[in-house]
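Letter by letter, the chains look like this.
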Amino acid sequence: MVRMGPDVPLLNEYKQEFFWKRFPQTVLGGPRFKLGYCAPPYVYVNQAVLFLTPWLFGGIGTLLCQLQLLQELHAAVLSGMLMFAAAAAVQALALYAARRNGAIERLGAPNILVDEEEVEFTHCVSPETVRFIAPGKRFGLNVMLHTALSGVLCGCGTWYVFLGRMTALYGSIGASLVVFLFSWVTLCIAEYSLIVNTATETATFQAQDTYEITPLTRPLYILIFIAVDLADRFSDPLPELHLASQVLHVLFLFLPLLWAFGILPPLDALLLWGMEQALVFGLGGSPMSSNLRLLLMFATSAGICVCNYFIPSTLGVVLFSISTGFLLSLDLSQVGKLCTGSGSSFRSQGPHRGGSPLPRLSSFGWNLGCRELLLYLCLLVVATAEAGLVHYFVGSTRYQSLVMGPQAPVSYLLLVLFCLCWILREIQGAYVIGGVFLNPLYPKGMSSIQTFQQRNRGLYFAAAVRRVLLYLVSPLAMIAFLSMDKSLQLLHTVSFTVGFTRAFRVVWQSSEDALLQMVVVILVRLAAGSSELRGWDDLGTGVQLFLVGLLVDRLTQFLAKLKFTLTVLVTSWTEKKQRRQSAGTLLALNASLCPLLLAVVTLSALLSAPLLPLFTLPIFLVGFPRPQRSWPGPVGTACPCPDSIFYQQMSGSLASALRKAFARGSLGSLAPGSHFLGRFQDRMVWIMILERGYGYCTVNIKGLELQETSCHTVEARRVDEVFEAAFERPERLGFTQGFNMHWGNALTPCAALAVRVYSDARNVLSGIIDSHDNLRKLQDDFMKALIWLLLRHCVQKHKGFMWSSVDGSTVGGLKSLSSHLPQTTCSQPPEVVVVESHVSSLRFRQDSSSLTSFGDWSDEDDLFGPQPARRTVALVTAEAQSGHTTLQTGASLPGSVEMDSLFENMALSALQPLQPLGLGIGMPAVDKGCNSEVFRESPGSLSPLNFSCPHSEVFNLPAMWRTAPLLPSRLLSLRPLFPEEWFRFSLGRFWPAVQGETSEDMAKALKEDEVLKELHVHVALSCLISLGAESAFTSPSYVYRLYCGDVPWTEGLDWLSSSKELYQLTLQAFRFSFKLLFDQASLGPMESPDELFSTLEEYERDWYIGLVTEKGWHDSVLQEKPFLFSLGHDLTMGTYTGRVLSLQEQLVQVGRLNGEGVRGQWANLSWELLYATNDDEERYSIQAHPFMLRNLTVQAADPPLGYPIYSSAPLHFPCL
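Each chain has its residues counted from 1, running along the sequence as written. Side-chain atom pairs in this predicted model are given and counted only at pLDDT of 80 or more, local residue features only at pLDDT of at least 70, and totals for whole chains, interfaces and linings cover all residues. Side-chain metrics rest on all non-hydrogen atoms present in the structure, leaving aside hydrogens and water.

Engineer: Can you walk me through the overall build of the protein in this structure?
Structural biologist: Secondary structure summary: the protein contains 38 helices and 17 strands in total. In this scheme, a residue with accessible area under 20% of its type's maximum is buried, one over 50% is exposed, and one in between is partly exposed, where area comes from a 1.4 Å probe on protein chains only. Taken over 1216 residues, the protein has a buried fraction of 53%. In the protein, of all internal contacts separated by at least 6 residues, the share reaching a separation of at least 24 is 76%. Split by element, the accessible area of the protein, about 53,000 Å² in all, is 64% carbon and sulfur. The helix and strand labels rest on DSSP assignments: H or I over at least four residues marks a helix, E over at least two residues marks a strand, and numbering proceeds from the N terminus. Residues count as neighbours in contact if any of their non-hydrogen atoms are within 4.5 Å of one another. Note on areas: Shrake-Rupley with a 1.4 Å probe; residue coverage comes only from the protein chains shown.

Engineer: Would you take a moment to explain the UniProt feature "transmembrane region" (unreviewed entry) in the protein for this structure?
Structural biologist: UniProt positions are given in the numbering used here, feature names are shortened, and annotations may be inferred rather than shown by experiment. Taken from the UniProt record, the annotation "transmembrane region" (unreviewed entry) applies to residues 49–69, 75–98, 139–162, 168–195, 247–273, 294–311, 373–394 and 586–607. Across residues 247–273, helical content stands at 74% and strand content at 0%; the span's end C-alpha atoms are separated by 24 Å.

Engineer: I would appreciate a short explanation of the packing of aromatic side chains in the present structure.
Structural biologist: Two descriptors summarise a pair of aromatic rings, namely the distance from one centre to the other and the angle between the planes of the rings. Centres within 6.5 Å make a pair out of two Phe, Tyr or Trp rings, where for Trp the six-membered ring is used; the pair is then stacked when the planes are under 30 degrees apart, edge-to-face when over 60, and tilted otherwise. Under the counting rule described, the total for this entry stands at 44 aromatic pairs. Ring centres of F19 and W20 lie 5.1 Å apart, and the angle between their planes is 75°; on these two criteria the pair is classed as edge-to-face. Note on F19 and W1167: the rings are 6.1 Å apart at their centroids and 70° apart in plane angle, and the pair reads as edge-to-face. Residue F19 is located in helix α1 (residues 13–28), and its partner W1167 is located in helix α37 (residues 1155–1170); the two are separated by 1148 residues in the primary sequence. As far as burial versus exposure is concerned, F19 and W1167 are alike and both buried. Feature note: the residues F19, W20, F23, F615, W1167 and Y1171 constitute an aromatic cluster, connected by ring pairs.

Engineer: Any chance you could explain the packing of helix α16 (residues 407–426) against helix α20 (residues 511–528) here in plain terms?
Structural biologist: For any two helices packed against each other, the geometry is given by the interaxial angle and the distance between the axes. The angle between two axes is taken between their N-to-C directions and runs from 0 to 180 degrees, where each axis is a line fitted to C-alpha atoms and a helix contributes only its stretch in contact. At a minimum axis separation of 9 Å, α16 and α20 run at an interaxial angle of 130°. When the axes of α16 and α20 are compared, the pair comes out oblique. Where α16 crosses over α20, the handedness of that crossing is left-handed. Counting all contacts with α16, which are made through Q407, S411, Y412, L414, L415, L417, F418, C421 and R425, the residues of α20 involved are E512, L515, L516, M518, V519, I522, L523, R525 and L526. When residue character is reported, Ala, Val, Leu, Ile, Met, Phe, Trp, Tyr, Cys and Pro are called nonpolar, Asp, Glu, Lys and Arg charged, and the others, Gly included, polar. Residue composition of the contact of α16 with α20, grouped by class: 13 nonpolar, two polar and three charged. Oblique is the label for any angle not under 35 degrees, not over 145, and not in the 65 to 115 range, which are roughly parallel, roughly antiparallel and roughly perpendicular in turn. Handedness of each helix crossing follows the sense of rotation of the near helix against the far helix: counterclockwise by less than a right angle gives left-handed, clockwise gives right-handed.

Engineer: How should I be thinking about the nonpolar core in this particular structure?
Structural biologist: Note on soluble globular proteins: their nonpolar side chains tend to be buried together. In this structure, L414, F662 and L667 are the most contacted members of the largest nonpolar core, which totals 122 residues. A per-element tally of this core places helix α18 (residues 457–483) first, with 11 residues. In this view, L414 contacts A477, M478, F481, L515, M518, V519 and I522; residues no more than four positions away in its chain are not counted. Working definition of a nonpolar core: buried Ala, Val, Leu, Ile, Met, Phe, Trp, Tyr and Cys residues. They are joined through side-chain atoms within 4.5 Å.

As structure tokens, then:
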């Protein structure tokens, strides 16, 4: 029994032993000195020798240099050559050992009880020993590259730590010796990980190191340190560079600790993070939704900055920067879709990684059309014309005082615009001023959507004013401010060029952030007055805006991380279920080391790195910097399941609702990396902002599991409480009720969005399905529904419609097995089609094995109580030559015990057994000489029907449907069950649909055609007998079995199942009749034939009536069928349930999550699973946390670490 609660072990015993073997290996760079078994001493000695080899060769070079036998450069080259030779020898030895292991195979039985890492050593240079110490490289290119790099690293490292250089830097021989000794420890660690054996890094970004990039991580950082030192040596004396070299030589000693604690990122994360930071803060761009887009956008933006540097005219620089900044800030993915001819602006092509195609939306901005192109062209022309005129006539003036100069009116206009935009955005959400106070203007109560939208009209008008000010007026005002700035005259320096290129870009890329940055610069100038801020003014406006933008971003991160830190600290004690035995000690330790804790938070904010709470405890580390997306893989990866269809269905409507919320500012500032959580009934939607540009926003929508686990329920209940406090508050608020009582929670409610979603209602059918009065009426309703469907089938066939079992209005019958697993990675061969069938037929069982030959047995007397329907699976093998299909079904023996399978109630006997050599061996024996077909009248021998009305041919049924092997006397005895009045009434209602005009004489002749009536009587009663429904229904279990299609064997079942169309119609009729029973028991009986006819029409048009596991249910949800109904059986409670899905517009409550809290928990998840391999499903860090929403956050992580059941491809939303 797994012990739950706050004191559950952070790591189980096996993982603890594994961790304490891995961590020393990580610290030392790869040597395995701690093993779980006894190893010969030479194993440890060999590793120690290899570890100290670089120090030995470097010591030789250093000694020769100190003795003045060689110059520094020559001594460094000698050390490098020696290390190169040693590395080549190690690689050659590893390659030889690998070949020996591949050619020699040990005999003898392996011992399965020993540790999987245990190695049998024979001698110090045996292949096993070499493979254990130096596993070698997988690729030959890496062998050459790493070997050459090891020589370069040793030579440059020797030069880097020469005693003469240390003395010149610090002026002290003692300090130089200390730095020299510990620097060689760092170099030995890097060399060992590069050549001998690479340790698993705590800073792991990719789940697998496919191309052996990890060995390059530590040498790369050392080469960066060496590059700075070389720049200091060979460049002109620069105090800042000399100071940096001194600091880095000291920091060089602590590199092993930085590697061990995972603060320095791996190469791939470093490259992506560096490009993202340079693009956002240096070039004015935005984080991108994919690595390819990031690379292309960074290269393009850097190229534009270089072009600006070489443009001689300042006017040309202004016009070029405005034009390119505007173009790059647009959603360029729409241009690609316009070129390829795709109309949708979404990047979704079919069911992709759990996603589905979203509907085409025609409102402004979704597609790049004539309206959008015209608006963009007008904006570009107006902006360039304004900038050119302002710069030409005003920018060259000498008088540039902000208080009295031409920039003064624009400056005050920007201040007013900022205040208006901020106020109009704040009043759009449920809370104001950082989520502390409730917004009194936000609508109260969520009783109905109409009332909510009506109360929101004033806010909608304010949002429209804000959009005009933010997206039209503000960019033009900011361009005017920049175009007349005096710093443009100093443009041809690198800093000024980069600063103004960024400034003109960010005006469009993020108008709200740019407005804030300019307001800060203006306030600083106004505060200074006429006095000159010497250091600040010399930077220029472009660099000032860059520094302000960087400062605002880091300050925002610091405050969010500080709030997350306080939440973890406080709740570790206040929440009883989170209070561990060590909680008091950890709190005291954090209090005593408060300056260190603040330093850790500050450092993580400065690096834009996640603040990592180890095991989500109040033990805080600085995670390695990584992109805002946090995950290396492509966006859209999910773990799909049958419930994923509900998120696929609502994604299109949610996209439209989010677009309006983004445009109005209801969700606050839309910075890339922001996270939102949406809640409706049992559904949780995770929304992440990926990109932000002018008039668009790129997001990723994830759907969390619907399964009600204990942890999921606890956090979902707290989410509901947080939303109720914001949206279900009383009309009048007291002073204390105006505060956000859940401010410390990770979730801050923002707004309620109107989204078309399915409302899920489940009812227990006790008193309905087991009522004898209702069951007696079921037979009559079945006959009426069957007659209606037969006539409808004739009308559709006459109009040219082909009957299809996958029509949105049909019910389950012969459905694909993919209905049980709508999104699966497995596929069937093209010649084999998997079909769901519930027919127990003698003809189907002729070639089946003994386990599937008892389908004609049935227990219908409810001797043992209600029985769940058994769903069998049949394989239909398409034979191209004969053009027919062969069905094989399996059924279970009555009274036998069946195990529950993964597919809900599917019987174990439904699985196809093995048949050796293709022989039909089984019991009971089947007499193949006696075929039931001989008792059936062939269609060719039937006499033609002589209708009295010439138009009766429209309602004629296929001849095959008249060949039921039933005695006429039996049909005659059931003749009173046929509802003649209903038949004539339905015929009269269907006839106008065929003729197009009403003719009373023709309709009367049609109703009086006895041949047509007898035809339908014969077919309808034959279907009734084939279902075993000739007597009134008395058993709920039998009704449930028929609803599920698990038809017991009857005399006419072979005939019925031979025609798929008729079988589908019969099953659909029975399901319609049960839905009629359900509706009449709930709402009252049908009062007239007109009401019954319109109800059946509504079923056919607006309803899907079937089973949840059928493909038709899956397709109907995605096609947004208005209503869906399913009958189920709760095995544990022994009750029958009805499930109704209703498509309607509902309010989905959306709140903002603490983005830094999410990043911190994801960083811990990555460390815990990829490094500590703590994949225990009941581990502490995945338990419910009502404040941090820890379980939901783990679910929302990208696979394989998280498990969202739905994840969309990047979706581009217009925000204008």
